[in-house]
Amino acid sequence: MIKSIYNVIAVMSGTSLDGIDIIYASYRYKQHWEFEIHHFKTVKYTKDWKLILSQLVNRSLDELKQIDKAYSEYLATVILDFINKNKLQTIDFVASHGHTALHQPDKNLTYQIGNQQIFADILNRKVICDFRIQDVKYGGQGAPLVPIGDRLLFGDYKYCLNLGGFANVSFERKNERIAYDICPVNIVLNHYVLKLNLEYDDKGQLASQGQVHDELLARLNRLQFYQEEAPKSLGLEWVELNIFPLIDSFYLQVEDILRTFVEHIAIQIARILDRKQADVLVTGGGVYNEFLINRLKSFTDTSIIIPNQKIIEYKEALVFGFLGVLKDRFEVNCLKSVTGAKRDHSTGKILFPNS
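Residues numbered from 1 in each chain as written. Predicted model: local features only at pLDDT ≥ 70, side-chain atom pairs only at ≥ 80, totals over all residues. Heavy atoms only, no water.

Novice: Explain the overall build of the protein chain to me, please; I cannot follow it from the model alone.
Specialist: Helix and strand content of the protein chain: 13 helices and 13 strands. Relative to the 2.2 N^0.38 estimate, which gives 20 Å for 355 residues, the radius of gyration of the protein chain is 20 Å and therefore close to what a compact globule would have. Summarising its shape, the C-alpha atoms of the protein chain cover approximately 60 × 45 × 40 Å along the three principal directions. Across the 355 residues that make up the protein chain, the buried fraction comes to 55%. A sequence separation of at least 24 residues applies to 70% of the contacts in the protein chain between residues at least 6 apart. Of the roughly 16,000 Å² that the protein chain leaves accessible, carbon and sulfur atoms contribute 47%. (Helix = DSSP H or I, 4+ residues; strand = E, 2+ residues; numbered from the N terminus. Rg over C-alpha atoms; globule rule 2.2 N^0.38 Å. Buried < 20%, exposed > 50% of the residue type's maximum accessible area, 1.4 Å probe, protein only. Contact = heavy atoms within 4.5 Å. Areas by Shrake-Rupley, 256 points an atom, 1.4 Å probe, with all protein chains shown as cover.)

Here you go:
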């Protein structure tokens, strides 16, 4: 018999390297899906891990495999600490996004580290993970994967917009869920504030002090990716090839880079949203960049809705927990209309502890 209530630990690590988001949540099905987040925490990366993860695209496959094992062990110890501190007893499984090492779907390649058997063995629990690889094998982008959660958990909003390392959007069109990456966000902004020995631009204050560089803005907006139709997705490799060299060629002050790139983000997002009134649920760390949010509001008449802190910061972890629930039920959790795969499917790998 299929269960109607699931208690899950869900884990997410994004490209902005803010840390490991961990939640303990329950999912309940009564005509429609409901959820509740009971415990949550973001575990900041050590300097060593942050450096390792920031350089994954430059590693050989053999090096990645070694890092993969070490990261799987590290994730497991972090989760064990979360379980013990919160005295969690009832856990159906752990659902983990892992961390993206390589994402080149056009080459039939995606690699998430943190999905090794040792992960389940250390935890001594069932783990559902590695959600991207099957979709790429089916000809899809392997991303974004959050839209099934947007549809079934946050369906009251016309748009679900996430501002993390990248901006991505999800919405219904002609009874199909459409979703794709829009543009880079924190992966670029944080890269440049690091030159000032800062982790991020608090509330966008530095960006607000800069000047828009018109030529750089125009060239950013003309990048080929923005002319392509969905499904489409972005990765660090694309940023390192297309964004950083372009920005660096102008030799601008950091404040002017931030100001120009915030304008670029706002323009690209506003292109996607209806000019007429519609509800847009906005989550992710970029929500705290007040200057970015204000610039976005200036380009669109849509209603920008910012939820409570738990949803802002842990929505992606929540949805990956939900992907785990759907996988455990062998129900569709990956939509071809979103990723471009050959068919809808139930993605993810299930690991059982060797004990």
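Structure shown, so let's carry the discussion forward.
Novice: For this particular structure, what's the right way to read the pattern of salt bridges?
Specialist: Oppositely charged side chains can pair when the atoms bearing their charge come close. Within the structure shown, the criterion is met by 13 salt bridges. A salt bridge links E172 to R151, with the nearest nitrogen and oxygen atoms 2.9 Å apart. Of the two residues, E172 sits in strand β9 (residues 166-173) while R151 sits in helix α5 (residues 147-153), which places them 21 residues apart along the sequence. Under the relative-accessibility criterion, R151 is labelled partly exposed at 28%. Beyond isolated ion pairs, a larger network of salt bridges with shared partners links R151, E172 and R177. (Salt bridge = Lys/Arg side-chain N within 4 Å of Asp/Glu carboxyl O.)

Novice: Would you take a moment to explain the packing of helix α8 (residues 214-221) against helix α9 (residues 236-248) for this structure?
Specialist: Relative placement of two packed helices is described by the angle separating their axes and the distance separating the axes. Two numbers describe how α8 lies on α9: the axes approach to 11 Å, and their chain directions differ by 165°. The angle between α8 and α9 places the two elements in the roughly antiparallel class. Crossing angle aside, the handedness with which α8 passes α9 is right-handed. Only I243, L246 and I247 of α9 make contact with α8, whose side of the interface consists of L216, R219 and L220. A per-class count over the contact of α8 with α9 returns 5 nonpolar, no polar and 1 charged. (Axes fitted to C-alpha atoms, helices over the stretch in contact; angles between N-to-C directions. Parallel < 35°, antiparallel > 145°, perpendicular 65-115°, else oblique. Left-handed = near helix turned anticlockwise from the far one by under 90°. Nonpolar A, V, L, I, M, F, W, Y, C, P; charged D, E, K, R; others polar.)

Novice: Where do I start with the packing of aromatic side chains in this structure?
Specialist: Here the distance between the centres and the angle between the planes together describe a pair of aromatic rings. On inspection of all chains with the given rule, the structure shows 17 aromatic pairs. Centre to centre, the rings of Y27 and F322 are 6.1 Å apart; their planes meet at 25°, and the pair counts as stacked. A residue pair is termed long-range when its members are at least 10 positions apart, and Y27 in strand β2 (residues 20-30) and F322 in helix α12 (residues 309-328) qualify at 295 residues. An identical accessibility class is assigned to Y27 and F322; each is buried. Members of the aromatic cluster, connected to one another through ring pairs, are Y6, Y27, Y29, W33 and F322. Between K232 and the ring centre of F225, over which it is positioned, the NZ or CZ distance is 4.4 Å. When the ring centre of Y29 is taken as origin, the NZ or CZ atom of R329, which lies over that ring, is 5.9 Å away. (Phe/Tyr/Trp six-rings, centres within 6.5 Å; stacked < 30°, edge-to-face > 60°. Lys NZ or Arg CZ within 6 Å of the ring centre and 35° of its normal.)

Novice: What exactly am I supposed to notice about the sheet that holds strand β4 (residues 93-96) here?
Specialist: Hydrogen bonding along the main chain pairs the strands of a sheet, whether they run parallel or antiparallel. With mixed pairing, 6 strands are arranged side by side in an open sheet as β3-β2-β1-β4-β7-β13. For this open sheet the edge positions go to β3 (32-43) and β13 (349-351), each flanked by a neighbour on one side alone. Strand-to-strand twist of the sheet, defined as the mean angle between neighbouring strand axes without regard to direction, takes the value 25°. Two elements, β2 and β3, share 11 bridges in a ladder whose sense is antiparallel. Its bridge partner being in β3, Y27 is matched across the sheet by F35. Helix-sheet contacts for helix α2 (residues 61-85) involve β1 (5-13), β2, β3 and β4, and the interaxial angle to β2 is about 65°. (Pairing = 2+ DSSP bridges.)

Novice: Is there a simple way to think about the nonpolar core in this case?
Specialist: Across soluble globular proteins, nonpolar side chains have a tendency to be buried as a group. Within the largest apolar cluster, 88 residues are counted, with the highest numbers of intra-cluster contacts made by I9, I20 and I243. Considering every element that reaches this core, the biggest residue donor is α2, with 10 residues. Every residue in contact with I20, bar those within four places of it in the chain, is listed here: V11, M12, K41, T42, V43, Y45, Y71, Y74, L75 and V78. Counting 34 residues, the second largest nonpolar core, distinct from the first, contains A10, V325, L335 and V338. (Core = buried A, V, L, I, M, F, W, Y, C linked by side-chain atoms within 4.5 Å.)

Novice: Just checking my understanding: could you explain the environment of R177 for this structure?
Specialist: Residue position: R177 is located in strand β10 (residues 176-184). On the accessibility criterion, R177 (2% relative accessible area) is buried. Separated by 163 residues in sequence, R177 and G340 have C-alpha atoms that sit 11 Å apart. Beyond its immediate stretch of four places on either side in the chain, R177 contacts P147, D150, R151, C160, S170, F171, E172, L335, S337 and V338.

These values are about where atoms sit, not about what they do.
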